[in-house]
Amino acid sequence: MAGMGGRTGRKGRMVRGGTLGACAVLLLAGCASMPSSGEVRKVDNGQQADGDTQVQVFGIPPHPGDSPSEIVNGFLEATTSGEANFATAKKYLATGLQKSWDPLAGITVLSGGPTSKADLDLDPKAVRTQVALSGAKAASVDARHAYTPAPGSFDINIGLVKQGTEWRISDLPPGLILTAADFRRIYHSVNMYYFARAGADERRSGARQEALVADPVYLRQQQPDALASALQALLEGPSAWLAPVVTSAAPPGIGLAGSAASAVTMEDSQHVRVQLNKSADALTGDRCRRLAAQVFATAQSQASAKLLAVNLVRADGSPACALNADDAQEYTSGGLSGSSAGEYYIGSDQHQLMQLTPGGTTAHPVPGPFGAAKADLRSVAVRRDGGMAAGVKTDGRQLVVAPLSGAGTAEAAPLTSAAQDPKNGLSAPSWDGFGDLWVADRNPAVSRLYVLPDGTGQPAQVTVPELDGRIESLRVSSDGVRIALVVAEGGIDRLKLGLIDRAGTAARPEFAVHGLRDLTPAGESVGSVSWAGASRLVVLGSDQGGGGQQIQYVNTDGSAAPALESIGEAVSVAASEDPTNPLLASYNGSVYWLPDDSNWKKVTPKGDSPVYPG
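These lines cover the structure that appears in this document, whether it is placed above or below.

Conventions and cut-offs
- Residues numbered from 1 in each chain as written.
- Predicted model: local features only at pLDDT ≥ 70, side-chain atom pairs only at ≥ 80, totals over all residues.
- Heavy atoms only, no water.
- 1 Å grid on protein atoms, 1.4 Å probe; cavity = no way out; pocket = protein on both sides within 12 Å on 5 of 7 lines; lining within 4 Å.
- Points joined across faces, edges and corners; volume = space filled by probe spheres on them.
- Helix = DSSP H or I, 4+ residues; strand = E, 2+ residues; numbered from the N terminus.
- Phe/Tyr/Trp six-rings, centres within 6.5 Å; stacked < 30°, edge-to-face > 60°.
- Buried < 20%, exposed > 50% of the residue type's maximum accessible area, 1.4 Å probe, protein only.
- Lys NZ or Arg CZ within 6 Å of the ring centre and 35° of its normal.
- Core = buried A, V, L, I, M, F, W, Y, C linked by side-chain atoms within 4.5 Å.
- Contact = heavy atoms within 4.5 Å.
- Pairing = 2+ DSSP bridges.
- Axes fitted to C-alpha atoms, helices over the stretch in contact; angles between N-to-C directions.

Our focus in this paragraph is the layout of surface pockets. Quantified by volume, the second largest pocket comes out at close to 900 Å³. Looking at the second largest pocket, it is lined by 35 residues, and the ones nearest its centre are Ala 428, Ser 473, Gly 527, Val 571 and Ser 572. Secondary-structure elements contributing two or more residues to the lining of the second largest pocket are strand S20 (377–382), strand S28 (470–476), strand S32 (524–531), strand S36 (572–574), strand S37 (583–587) and strand S40 (607–611). Among the elements that line the lining of the second largest pocket, the one with the most residues is S32, at six residues.

In structure tokens form, the structure reads like this:
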């Protein structure tokens, strides 16, 4: 039996090139394993890329006389190399399997190295055998590059056959088998963008209302055509989970024309030219511009500089359409109900809404009724354009809406909870990009989720057929088709991410939340959640046993994200979907904010429940 957790005990199967500094960084980060012996290859200065921050990994072909276990282990190691065509890994395969094995069919991600077990009593004359692989499965990545947490056991048998005097793999499932460390080293998350299905909210009031929704996928790093790979994945369509609530302007069968290197070019890092195959020949007008907007957003998420324009070109080289940066803004979620970067919280003394001074640590009451003395607010949500706010009164029963200006009064919204305990009353509300207001009634007798169209319309009950528990808090994404829920379930507050289905008519809208996926960090109970980017949430969690607490990021596909230094026993956390804005948190009756490259700073006056618009 041979363990493969670190892959350092084999006979120099892997060769990694790079500088000492780069290797040291990766080792300290726990992202790569390093052999203790093996071949050494000189890397000249011309091979060092990206300021020596990358490590190249080279596969080693099979040695004559390798045993079945050595063949299987060597194959697995070779698949972790930087070769895009897996040429070295295929040398471990039998002749027929070399042609049929599909390494791009998906990825099984193991939490640690698999254990291999071969037949120790193998007859020297045997021509066929099996090697059993077992381990702990952490996640899977499908053929559309979508990541899904999938903890459980992993057990497969790999068949081998003798070709002449050498063992080769003859029976192997499609796709790759990687440890979590190798997966993080080889693959990186890329956001593709598709249009939200807005239902009855689409183009409301005659205005263009289109939101681009981020769909994260995992693609190989360290390849010269990384942008082309991302755009090809975009053209193939959204992940299975997101597909029910988004659309794409890409026609069926569309793809890049010719080789990736020639189909996608970037001039001065700011102008992207994309040549499409013949399926795009009829692509014109608004549909072409919509596809260009998807390409623009996807390319911008990969570019280090701000893009200026995207040009889509037909297979024959003729222009299809172009979109510049200013026009691309028309297709973002910010074009729905506006975008505000204001930072707000509820002051302790008067329970009124406070707004932080830009870039400062002091706050003042907002104009209008929510900033008046004794506003009596328990929780609040500010509309994304900063012009309106909704709040729940301190009794937890009454929802009110008011303008954030010097005029007007707070109006009672047509929704009241019958709960007697404020903790069982209305949750903190949340606005989506269409100006609709979401809130949960936590009344144990009748726990429900509601939407108030335009913030003041008649509440529409939202069906959540997969829900098992009570919604404690919620945050809706700006695109209006994703919702983060903190759900009390079995004594634990879990983080669930759902898809919003919008149907019905403008007069009688219908809403449902489905496709719930559990994003709860392992071993934790979630206290607060906020959107922190196009495909990322920030979560305040604590050990289920009541121990330590931390603030960390969680990707919408469930993949790992970094944790941050917490501040004592924080009560809530808030973030902006613009990642350049600082985090906010409340602790011990005060609000703190975390600017870039700095420590938490205390805000005055005292307060709690910090929020960004949304």
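The full count for this structure, using the stated rule, is eight aromatic pairs. With a centroid separation of 5.4 Å and 20° between ring planes, the pair formed by Phe 183 and Tyr 187 is classed as stacked. As far as burial versus exposure is concerned, Phe 183 and Tyr 187 are alike and both buried. Between Phe 183 and Tyr 218 the ring centres are 5.0 Å apart and the planes differ by 45°, which places this aromatic pair in the tilted class. Placement of Phe 183 in helix H5 (residues 180–186) and of Tyr 218 in strand S11 (residues 212–220) is noted, with a sequence separation of 35 residues between them. Overall, Phe 183 belongs to the buried group, its relative accessible area being 4%. Here the aromatic residues Tyr 147, Phe 183, Tyr 187 and Tyr 218 are joined through ring pairs into a cluster of three or more. Cation over ring: Arg 290 sits above Phe 195, and NZ or CZ is 4.0 Å from the ring centre.

Judged by nonpolar contacts, the single largest core of 64 residues is most densely connected at Val 264, Val 274, Leu 276, Leu 291 and Leu 312. Among the elements that take part in this core, helix H8 (residues 285–300) stands out by supplying eight residues, more than any other. Dropping the residues within four chain positions of it, Val 264 is found in contact with Leu 227, Ala 228, Leu 231, Leu 256, Val 272, Arg 273 and Val 274.

What follows concerns the sheet that holds S11. Taking strand neighbours across the sheet as the criterion, the three strands line up as S11-S10-S12 in an open arrangement whose pairing is antiparallel. Since the sheet does not close on itself, it has two edges, and those belong to S11 and strand S12 (246–247), each with one partner. As defined by bridge partners, strand S10 (residues 187–196) adjoins S11 across nine bridges and the pair is classed as antiparallel. Paired with Tyr 193 across the two strands is Ala 214, which belongs to S11. This element, H8, spans S10, S11 and S12 of the sheet and lies at about 155° to S10.

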